[in-house]
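# Observations on chain architecture
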Amino acid sequence: MLSLVLALLAWLFFAFCYQGHLVYNQGLWLFLDTKEYFIDKVSHIGGLGDYIAIFLTQFNYWPLLGAAIIAVILGGIHFLLTLYIKKNGFARIWSQVALAVPFVLWILLCRKGELVTLPFGVLVAVALSLINLGNKKTSGLWLIILAAVLYFGFGLFPALTFFLLQVISYIPVKGEGLRSKKGLGFAVAAAIFVAGGFGVYKSADIGLEMDMRYTQAARNRDWTELIKYSQDKRLKRSAAMCNCVNLALANTIGGEGKSLLNSYALYSKEFGTGSLMLPEKYDQINACEILFNLGFISEARRCAFERLTSVSEDGYCGYWISRLAECALIDGHTELARKYLSILSHNFIYGYSARRLMAMSDDEIDGHFLYGRLRDMRITSNVSFQDRGLDFMLLAMLNEHQDNRMAMDYYVAFLNLSKNE
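Keep in mind it's a predicted model, so treat the numbers as computed, not measured. (Residues numbered from 1 in each chain as written. Predicted model: local features only at pLDDT ≥ 70, side-chain atom pairs only at ≥ 80, totals over all residues. Heavy atoms only, no water.)

Next up on the list: the overall build of the protein. From N to C terminus, the protein includes 25 helices and zero strands. The C-alpha extent of the protein, read off along each of the three principal axes, is 85 × 45 × 35 Å. Each of the 421 residues in the protein was classed as buried or not, and the buried ones make up 52%. In the protein, once contacts between residues fewer than 6 apart in sequence are set aside, the share between residues at least 24 apart is 70%. Taken as a whole, the protein presents about 20800 Å² of accessible surface, with 62% of it coming from carbon and sulfur. Distance between charge centres in the protein, computed from 39 positive and 35 negative side chains, equals 13 Å. (Helix = DSSP H or I, 4+ residues; strand = E, 2+ residues; numbered from the N terminus. Buried < 20%, exposed > 50% of the residue type's maximum accessible area, 1.4 Å probe, protein only. Contact = heavy atoms within 4.5 Å. Areas by Shrake-Rupley, 256 points an atom, 1.4 Å probe, with all protein chains shown as cover. Lys, Arg positive; Asp, Glu negative; His and termini not counted. Charge placed at Lys NZ, Arg CZ, Asp CG, Glu CD.)

Evaluated as defined, the whole model comprises twelve salt bridges. Across the salt bridge formed by Asp366 and Arg375, the nearest N and O atoms sit 2.7 Å from each other. A relative accessible area of 38% means that Asp366 is categorised as partly exposed. Using a relative accessible area of 11% as the deciding quantity, one classes Arg375 as buried. A single network of salt bridges, built from pairs that share partners, joins Arg219, Glu289, Arg323 and Glu326. (Salt bridge = Lys/Arg side-chain N within 4 Å of Asp/Glu carboxyl O.)

Further remarks concern a nonpolar patch on the surface. Taken together, the side chains of Met1, Leu4, Val5, Leu8, Leu9, Leu12, Phe16 and Leu64 define a hydrophobic patch exposed on the protein surface, amounting to about 800 Å² of accessible area. Per-element accounting of the nonpolar patch gives the leading share, six residues, to helix α1 (residues 2–17). Note that Phe16 resides in helix α1. (Patch = residues over 30% accessible without salt bridge, like charges linked within 9 Å, V, L, I, M, F, W, Y side chains within 5 Å.)

Position of Asp222 relative to the elements: it lies in the loop between α12 (206–219) and α13 (223–231). Between the C-alpha atom of Asp222 and that of Ala248, which follows or precedes it by 26 residues, the distance is 7.9 Å.

This next bit is on helix α25 (residues 405–418). Along its 14 residues, α25 runs 20 Å from first to last C-alpha, staying within 8% of the 20 Å computed at 1.5 Å per residue. The complete set of buried residues in α25 reads Met406, Ala407, Asp409, Tyr410, Tyr411, Ala413, Phe414 and Leu417. (Expected span 1.5 Å × (residues − 1).)

Moving on: helix α17 (residues 284–294). Of all the eleven residues making up α17, eleven are buried; the element is thus mostly covered by neighbouring parts of the structure. Along α17, the residues classified as buried are Gln284, Ile285, Asn286, Ala287, Cys288, Glu289, Ile290, Leu291, Phe292, Asn293 and Leu294. Gly295 occupies a position one or two residues after α17 and carries a positive phi of about 105°.

This part takes up the nonpolar core. Counting 134 residues, the largest nonpolar core has Phe14, Trp106, Phe162, Leu226, Phe292, Phe296 and Tyr410 as its most contacted members. Looking at this core element by element, the count peaks at eleven residues for helix α5 (residues 63–87). Look past the residues within four positions of Trp106 in its chain and what remains in contact with it is Leu6, Leu9, Ala10, Phe13, Phe14, Leu74 and Val200. (Core = buried A, V, L, I, M, F, W, Y, C linked by side-chain atoms within 4.5 Å.)

Written out as structure tokens, the structure is:
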């Protein structure tokens, strides 16, 4: 019963309170269904755990499903620990104490970019501890073999967890008097739920969670949703929110009769020109998104490549590789785009779209509602924008494309905001 309650609480938290982190993590990693990818992952200590964790992380694309996977893992750990306690004849109160283990793992999962490698490894370790290793002659050998398998497959901590559980199983059973004290067990469970809930609350970064939701909405070009966010006065305003909302307003010029000027002035005193676009060193994702939509395709590609090489541990990141593929298509570098798209085609989230783009001709790209428009309005002059301000970039764009209404609105907004700084 406690395992089910724990799993339900975890699912509610990740599905509704932390879904921005789930989707962000999905874009941060990239699972490929190739033999080379599998060999590359499992060839180092803990690699099998990473391989499985990245596979499971892809389901975060659907937050309700991603949250369910995490809930099953956390609830499963406590359920198997309860079976372990019952199997070895320990007092029932220890099943309530065991709630602390999944809560600690839950707190660790609140960190940005965290995979389920450790929780899944612990789940496997507890499951293996329920297996009868045989008589005294063979149990020691099996203990060493399974601990070694866990170490090479899932890392040091799951191996130590398995070893510790095996050692505990040899402890003589005591504490019979605690079995009849149901009130004590209830109090311990309630205390751990309260303490664990408080730990999760302190570890969860809700401000960052909302920024991730804004960024994801901008990435999905869900401009209507972003504009609704700006109208909800209960939501905490941040520079990332301003960046995304202003980008949404700039993309809906003429569609909803709104202008960028409707939004930026609301936040000018607090964020200044940062409400239009923060420097890359503060916010590379939103900066890249704004550069891309304004037609600075080469700058967006540079930003994506730098982020891919500096953040991704294995060179695979769904968000940045897909952006590199888009920039290559728009710039007309078809062969380079195909290389990026061929990587994405081995992922079940990006695969369908990647294969469709690979099949598109150059004329079809010219007629695409987004890529065709950006191809026409992209800046082609050989200008270095490194360490240059947004005003310099916008002026360079307007010198080449006077009809770039979005760049003009950004430039006028920048001039007005810079007066208040």
